[in-house]
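Each chain, letter by letter, is given below.
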Amino acid sequence: MRIVDAEVIVTCPGRNYVTLELTTDDGIVGYGDATLNGRELAVEAYLREHVCPLLIGRDASRINDTWQYLYRGAYWRRGPVTMTAIGAVDVALWDIAGKAVGRPVYQLLGGAARDGVTIYGHASGADIAETVADAARFLQSGYRAVRVQAKVPGLESTYGLRAGTGLTYEPAGGDLPADEVWDTEAYLDFVPKLVAAVRDELGYGFHLLHDAHHRLTPLEAGRLGKALEPYRMFWIEDATPAEDQAAFRLIRQHTVTPLAVGEVFNTIWDCQQLISERLIDYIRTAVPHAGGITHTRRIFDLADLYGVRTGSHGPGDVSPIGIAAALHLDVSIANFGIQEYMSHLEPANEVFTPGYRYADGMLHLSDEPGIGVRFDKQAAKRYPYQRRYLPVNRLRDGSMHNW
Ligand code: GCO
Ligand code: MG
């Protein structure tokens, strides 16, 4: 089973997606998600110029060898562009492996360890009342877990607010990055009030999550965690930027609110200390950004040794192929925690047809062979790439801060 063709397709049905299509000599076609939000063309060029020529003629069934070949063979290791490119190849090869034997990928990973994949939805609003009502809407449609984000009073814009009534939050836009202003004091004052109101109105019968989106220092994160303890959060996400893994010790010493981190990580080395010192409760690496199913499974296995559960990143900028790949892992591993799910903007459904479906707060994989997402290349070509950036953040005095 040799690879005879490798093509990278960039499309913008509502937002940009990069898809790798591999074809074998017996006509099997596999797909991988190579989308890196705001830096899409770097991965496209990495794949097209440096990886696709290496794939032609390779045995498609040698997934582990191809992973090692691309990782060790580049000499330059790690990094989001490299690891997203390797991730796309890896997922496309798992897709081919499943299609070659007519079985869904999770069955090749040892079969289902649970009935479905519990997801959390994204509630948001312009104030507390609107956010509570939005969270209630998710609970009414069967969600068992909801993340809440609301506009912080006094700030013009706040991370995590959805425009419109759909399920999708899309922060990337514009031909240049939007400038946003951040104020930690205003945020720390507001979030406990938001969370208290959600619990007062909606009770404790569901998992409640919140994303601090890398904005706090470890001490500030400790204070927030402590303030939220009475409301029994499922997690606080990305409390502080996590390049400094040891910084989580300080947060941990000050609060028992569970901690989740990892959406910007791309290898096991980014979270080795966080996991082995039990500094976090949930690891959130995403299959497309962390070297595909092969490497993400290693991260999750390491986490399992230390009682850390998974909570994979699943925003709209992970394509349905990336989401489906995550679901195959989620359903088969021992230490699954939760899966983020936002759904995709309408035109994306013309390009991608996922086999998974929502029911009762969970996503359920179909028994389609492989990853189980169909990709319409002709439809993709109707939506050419558009340059888009994530916003940037500044403090009130103009200093750059983390977005
Ligand atoms: C999340 C994330 C996203 C990111 C986005 C950046 O928890 O889903 O924080 O909202 O901001 O994926 O590309
Ligand atoms: Mg996040």
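Residues numbered from 1 in each chain as written. Chains lettered and ligands numbered in written order. Predicted model: local features only at pLDDT ≥ 70, side-chain atom pairs only at ≥ 80, totals over all residues.

**A short note on the sheet that holds strand β6 (residues 179-182)**
Then comes step 1: What the three strands build is an open sheet, ordered β6-β17-β18; its pairing is mixed. Unpaired on one side and paired on the other, β6 and β18 (400-401) mark the two borders of the sheet. (Pairing = 2+ DSSP bridges. Helix = DSSP H or I, 4+ residues; strand = E, 2+ residues; numbered from the N terminus.)

**Section: the nonpolar core**
Then comes step 1: Core analysis: the biggest nonpolar cluster contains 113 residues, and Ala 85, Val 89 and Ile 280 have the highest contact counts within it.
Then comes step 2: When residues of this core are assigned to their parent elements, the largest contribution, 12 residues, is made by helix α3 (residues 80-101).
Then comes step 3: Setting aside anything within four residues of it in sequence, one finds Ala 85 in contact with Ala 34, Val 43, Tyr 46, Leu 47 and Val 51. (Core = buried A, V, L, I, M, F, W, Y, C linked by C-beta atoms within 7 Å. Buried ≥ 20, exposed ≤ 12 C-beta atoms within 10 Å, placed from the backbone. Contact = placed C-beta atoms within 7 Å.)

**Brief notes about the domain arrangement of the protein chain**
Then comes step 1: Each domain of the protein chain was delimited in the assignment, giving domain 1 (3-104) and domain 2 (108-368).
Then comes step 2: Domain 1 puts 32 residues into the contact, and the matching count from domain 2 is 31 residues.
Then comes step 3: Taken together, the elements giving at least two residues each to the side of domain 1 that touches domain 2 come down to β2 (17-24), β3 (29-33), α2 (63-73) and α3.
Then comes step 4: Ranked by residue count, the leading element in the side of domain 1 that touches domain 2 is α3, at 11 residues.
Then comes step 5: Grouping the amino acids of the side of domain 1 that touches domain 2 by side-chain chemistry returns 15 nonpolar, 12 polar and five charged. (Domains from an automatic or database assignment. Nonpolar A, V, L, I, M, F, W, Y, C, P; charged D, E, K, R; others polar.)

**Some words on the sheet that holds strand β1 (residues 3-11)**
Then comes step 1: Overall, antiparallel pairing links the three strands, which are arranged β1-β2-β3 in an open sheet. On the outer flanks of this sheet lie β1 and β3, each paired with one strand and no other. When the angles between neighbouring strand axes are averaged without regard to direction, this sheet yields 20°.
Then comes step 2: Two elements, β1 and β2, share eight bridges in a ladder whose sense is antiparallel. The partner of Ile 9 across the bridge, within β2, is Thr 19.
Then comes step 3: The strands that α3 touches are β2 and β3; relative to β3, the one it contacts most, it runs at about 145°.
Then comes step 4: The strands that helix α11 (residues 320-332) touches are β2 and β3; relative to β3, the one it contacts most, it runs at about 95°. (Axes fitted to C-alpha atoms, helices over the stretch in contact; angles between N-to-C directions.)

**Comments concerning α11**
Then comes step 1: The terminal C-alpha atoms of α11, which comprises 13 residues, lie 19 Å apart, in line with the 18 Å expected from a rise of 1.5 Å per residue.
Then comes step 2: α11 sits mainly inside the fold: 13 of its 13 residues count as buried. (Expected span 1.5 Å × (residues − 1).)

**Topic: the site of ligand 1**
Then comes step 1: Lining the immediate environment of ligand 1, one finds Asn 37, Pro 171, Asp 211, His 213, Glu 263, His 313, Pro 315, Asp 317, Glu 340 and Leu 390.
Then comes step 2: Tallied by class, the residues present in the shell around ligand 1 amount to three nonpolar, three polar and four charged. (Near = placed C-beta within 6 Å.)

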